[in-house]
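Remarks on the overall topology
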Amino acid sequence: LERETAGAPPPPAAAALAPGRWRFVDLPLNETLFRCFVYGQAPYAERLRLELRVPERRWWRIKVRGLAQLRDWPALWLFYNSARRPPLSAAAFAEAAIANGAPAEAARYAPRMPPAEAVPLLLQCGEASAARAIALANKDKNPELLRRVSAHLGAAP
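Residues numbered from 1 in each chain as written. Predicted model: local features only at pLDDT ≥ 70, side-chain atom pairs only at ≥ 80, totals over all residues. Heavy atoms only, no water.

**Focus on the environment of Arg108**
The residue Arg108 is located in the loop between α6 (103-107) and α7 (115-125) in this model. Taking the C-alpha atoms as reference points, Arg108 and Ala97, separated by 11 residues in sequence, lie 10.0 Å from one another. (Helix = DSSP H or I, 4+ residues; strand = E, 2+ residues; numbered from the N terminus.)

Below, the structure is given as structure tokens:
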């Protein structure tokens, strides 16, 4: 890791980088790992993770944030599906997608969430019909979901 990048904006894509090595100076470990992902240096991030024994849950949070910042949605989806039981909920993946301006990507994670979390997510993503379908399917267990969808649509319950 040799090139200083302090204060440099992240590149639009990893492919736009000239081949080379990077050096992150005076940064906390979390930020260093995040920048490794943003600058397309995932193998170095993996090596640091193993050398410094980064806890799995923290590693997942950093990698999710990095992949979302890169807008690498296929890689984010594969990462979510890579573990039998991921240490992060689907909501963390959806929040990362929304934070990076991809509500359609965030909606992909709704079927893997409990109805109480999926309905607000779908409403936030602009998928009112899908939210309504989930709310109707769960109206006996959780009638508040249907009221929330109705209030969002401006209709009476």
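Additional details are given in the paragraphs that follow.
**Some points on α7**
When α7 is considered as a whole, its buried residues turn out to be Ala118, Val119, Pro120, Leu121, Leu122, Leu123 and Cys125. Looking one or two residues past α7, Gly126 carries a phi angle of roughly 85°, positive in sign. (Buried < 20%, exposed > 50% of the residue type's maximum accessible area, 1.4 Å probe, protein only.)

**What to know about the packing of helix α8 (residues 128-137) against helix α9 (residues 143-153)**
At a minimum axis separation of 8 Å, α8 and α9 run at an interaxial angle of 155°. One finds that α8 runs roughly antiparallel with respect to α9. Crossing angle aside, the handedness with which α8 passes α9 is left-handed. Touching Ala128, Ala131, Arg132, Ala135 and Leu136 of α8 are Leu145, Leu146, Val149 and Leu153, all from α9. Residues that form the contact of α8 with α9 fall into these classes: eight nonpolar, no polar and one charged. (Axes fitted to C-alpha atoms, helices over the stretch in contact; angles between N-to-C directions. Parallel < 35°, antiparallel > 145°, perpendicular 65-115°, else oblique. Left-handed = near helix turned anticlockwise from the far one by under 90°. Contact = heavy atoms within 4.5 Å. Nonpolar A, V, L, I, M, F, W, Y, C, P; charged D, E, K, R; others polar.)

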